[in-house]
Amino acid sequence: MVLTKLRGLPEGFLWGASTSAYQVEGESLTHGKGPSVQDTKKVPEGTSGFTVCADFYNHYKEDIALMAEMGFKTFRFSIAWTRILPQGTGEINQEGIDFYSSLIDECISHGIEPLVTMFHFDLPDALEKKGGWSRRESVDEFVNFAKILFENYGSRVKYWLTINEQNMLTLSGEAIGTTSFEGVTNKYKKLYQENHHMLLAQAKTMALCHEMCPGAKIGPAPNISLVYPASCKPQDVLAAQNFNAIRNWLYLDMAVWGVYNNLVWKFLEEHDAIPDIVDGDMDIMKSGKPDFIAFNYYSTATVEADLSANDEESSSRDQQTAGDEPGVYKAYKNTNLPTTQFGWEIDVEGFRATFREIYSRYRLPMLVTENGLGAYDTLTEDGKVHDQYRIDFLRKHIEQIKLAVSEGCEVMGYCPWSAIDLISTHEGIVKRYGFIYVNRDEFDLKDLKRYKKDSFYWYKKVIETNGEDLSD
Ligand code: BG6
């Protein structure tokens, strides 16, 4: 399909950008905040921990003023569960409630809609120590936290996101620092039981949001990217369908339709990993519906069939690529795609293909809650950051949004990662994503002064013209 006529982006398009509490705030164990799993995990060698980050906790007024200068219509941030409930349940930390209250007011005073993620990789450590999401109680613990948020902020926050990248917590928890398999005999059983509880917590929270905050909208925020087959061999196509189901559709089929994806169900049966499902669970899954689908997109994935899975040779393989699933699919390097300085594939058309696929399956408006380029930025002596590579990356992705919209996809907004430099999940501050540069190094905190990157000025113009002018 060649499109000659591009439709403009809808009025009220939510231009903005994203952050998460543990990666940006700092003050990680002060002001009454309890430790989360991000504070207690072992930080990869050579990268800083999360105690100071961008010190957003102390700079948020200045930072939001900069976002307002760029013209943000929304700002996606997360609320640290342990700033509100230091132990995950029980006593509330009033200072935490007040901090987010003031942050929300600050956004609103600048005409910026707060877009709040309730949970972004930072489970309270006190709950993790009891068994975290593997316990049935975790469902109500999360819903209790959500209720406190709705009570305190529900009249001011119109857009809510439940769980950031639940699929990555399941598939890549070790890299994110949220999963350990110590003493676990069946890792699939553990992961998919946790996943079942998160899905229940999400469904209950979506229903509660509609009950407590009429007019508010809520949705899940998984990381969705289309999976390509490595070739047109039918076996590769089947492998890609398998991985699409495991990586993407499990999460959205459940959030939208309240059903387990059939291919994933089969996969779980084969691994003796069907979660314990209590009577009434599937009714709960159907009771909470999302108003939109938020998703994070960085790149597509490509897989081929793993036809040797039953051979002795393959079952004794000890160097499995992280993305492989023996007998189900094997990760494949897509040589058609360029990569970032950090080795991540860049696939702009894949972004559009992902929109098309999500929309044709679920017919719900979509909101991009992450997309961006991690790079080694340099601050010049005269305080500039020439990040033309980031501008090029974002421009090409926004072009694809316009194409997707012209093809009939409903897109509500675009919030790249990240509004401001912050600490990467496991690659430190040197992997920068922001429009705003934060003057610090990995271990030398310098003065944490903010500088506007070239992409800052470019994005301001993009927003001003509602995406019409994407030129330099
Ligand atoms: C997403 C996460 O997976 O990717 C963010 O929601 C994360 O928390 C972002 O920072 C980029 O990944 P990384 O590993 O480069 O920080």
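Just above, that's the structure.
Not measured: the values here are computed from a predicted model. (Residues numbered from 1 in each chain as written. Predicted model: local features only at pLDDT ≥ 70, side-chain atom pairs only at ≥ 80, totals over all residues. Heavy atoms only, no water.)

Colleague: How should the pairing of strand β4 (residues 159-164) be read in this particular structure?
Modeller: It is a general feature of regular strands that their side chains alternate between the two faces of the sheet. Taking burial as the measure, the six residues of β4 include six buried ones, the bulk of the element. Sheet topology note: the strand β3 (residues 113-119)/β4 ladder contains four bridges and is parallel. Considered in β4, the bridge of valine 116 is made with tryptophan 160. (Buried < 20%, exposed > 50% of the residue type's maximum accessible area, 1.4 Å probe, protein only. Helix = DSSP H or I, 4+ residues; strand = E, 2+ residues; numbered from the N terminus. Pairing = 2+ DSSP bridges.)

Colleague: I keep staring at helix α5 (residues 94-109) and nothing clicks. Help me out?
Modeller: Given 3.6 residues per turn, any residue in an α-helix points the same way as the ones three and four places further on. If you check α5, its first and last C-alpha atoms are 22 Å apart, about what 16 residues at 1.5 Å a residue would give, namely 22 Å. Taken together, the buried positions of α5 are Gly96, Ile97, Phe99, Tyr100, Ser101, Leu103, Ile104, Glu106 and Cys107. Turning to α5, the residues buried within the fold contact α1 (21-24), α3 (56-70), β2 (74-78), α4 (81-84), β3 and α7 (137-153). Of the residues one or two after α5, glycine 111 is the one with positive phi, at around 75°. (Expected span 1.5 Å × (residues − 1). Contact = heavy atoms within 4.5 Å.)

Colleague: Quick question: what am I supposed to make of the layout of surface pockets here?
Modeller: One way to see where empty space is left: roll a probe the size of a water molecule over the atoms. Put simply, the second largest pocket is a space of about 210 Å³. Those elements that place two or more of their residues in the lining of the second largest pocket are α15 (348-362) and α16 (388-406). Classifying every residue of the lining of the second largest pocket by side-chain character gives eight nonpolar, four polar and four charged. (1 Å grid on protein atoms, 1.4 Å probe; cavity = no way out; pocket = protein on both sides within 12 Å on 5 of 7 lines; lining within 4 Å. Points joined across faces, edges and corners; volume = space filled by probe spheres on them. Nonpolar A, V, L, I, M, F, W, Y, C, P; charged D, E, K, R; others polar.)

Colleague: Even after reading the chapter, I still don't get the site of the ligand, so can you show me in this structure?
Modeller: Residues in close proximity to the ligand total 15 residues, the closest being Gln23, Glu165, Thr425, Lys431 and Tyr433. A distance of 2.6 Å separates an oxygen atom of the ligand from a polar atom in the side chain of glutamate 165. Out of a free accessible area of 380 Å², the ligand has 95% covered by protein chains. For the shell around the ligand, a count of residues per class yields five nonpolar, seven polar and three charged. (Near = heavy atom within 4 Å. Polar contact = N/O pair within 3.5 Å; in protein donor to acceptor, adjacent residues only side chain to side chain. Areas by Shrake-Rupley, 256 points an atom, 1.4 Å probe, with all protein chains shown as cover.)

Colleague: I would appreciate a short explanation of the environment of glutamate 442 in the present structure.
Modeller: Tracing the sequence through the fold places glutamate 442 in the loop between β12 (436-438) and β13 (450-452). Linking glutamate 442 and cysteine 409, residues 33 residues apart in sequence, is a C-alpha distance of 41 Å. In this structure, glutamate 442 is in contact with Gly46, Thr47, Ser48, Glu427, Gly428, Ile429 and Val430, ignoring residues within four places of it in sequence. There is a polar contact of 3.0 Å between the side chain of glutamate 442 and the backbone nitrogen of serine 48.

Colleague: Explanation requested: the pattern of salt bridges in the structure shown.
Modeller: This model, assessed by the stated rule, comprises 30 salt bridges. Across the pair arginine 361 and aspartate 253 runs a salt bridge, and its minimum N-O distance is 2.9 Å. Highlighted residues: arginine 361 in helix α15 and aspartate 253 in helix α11 (residues 234-257), separated in sequence by 108 residues. For aspartate 253, a relative accessible area of 4% translates into the label buried. (Salt bridge = Lys/Arg side-chain N within 4 Å of Asp/Glu carboxyl O.)

Colleague: What is the right way to read the pairing of strand β11 (residues 411-414) from this model?
Modeller: Where strand β1 (residues 14-18) meets β11, two bridges bridge the pair, whose relative direction is parallel. Each bridged residue has a counterpart across the sheet, and for tryptophan 15 the counterpart in β11 is tyrosine 414. Across three bridges, strand β10 (residues 366-370) lies against β11 in parallel orientation. Its bridge partner being in β11, leucine 367 is matched across the sheet by glycine 413.

Colleague: Would you explain the sheet that holds β10 in this entry?
Modeller: The sheet built from eight strands is open, its strands ordered β5-β4-β3-β2-β1-β11-β10-β7 with parallel pairing. With one partner strand each, in any of the chains shown, β5 (217-221) and β7 (293-296) form the two edges of the open sheet. Each neighbouring strand pair of the sheet contributes to a mean axis angle of 30°, computed without reference to strand direction. Across the face of the sheet, α7 comes into contact with β3, β4 and β5 while running at roughly 160° to β3. (Axes fitted to C-alpha atoms, helices over the stretch in contact; angles between N-to-C directions.)

Colleague: Can you walk me through the state of the cysteines in this structure?
Modeller: Should the sulfur atoms of two cysteines be covalently bonded, the bond is a disulfide. What the rule picks out here adds up to zero disulfides. For cysteine 107, which is in no disulfide, the shortest distance to another cysteine sulfur is to cysteine 415 and amounts to 11 Å. Looking at cysteine 107, the relative accessible area reads 0%, which means it is buried. Looking at the unpaired cysteine 209, the closest cysteine sulfur is the one in cysteine 213, lying at 4.6 Å. (Disulfide = S-S within 2.5 Å.)

Colleague: What exactly am I supposed to notice about unusual backbone geometry here?
Modeller: With the exception of glycine, most residues fall at negative phi, and the peptide bonds are largely trans. Tryptophan 417 connects to serine 418 through a cis peptide bond whose omega is 10°. On the secondary structure map, serine 418 appears in the loop between β11 and β12. In this structure, cysteine 53 takes a positive phi of about 50° despite not being glycine. Relative to the helices and strands, cysteine 53 is located in the loop between α2 (37-40) and α3. The backbone of glutamate 165 shows a phi angle near 45°, a positive value even though the residue is not glycine. Inspection of the secondary structure puts glutamate 165 in the loop between β4 and α8 (166-171).

Colleague: What am I meant to see in the environment of threonine 89 here?
Modeller: Structurally, threonine 89 is set in the loop between α4 and α5. If we skip the residues at most four places from it in the chain, threonine 89 touches Leu127, Glu141 and Asn144.

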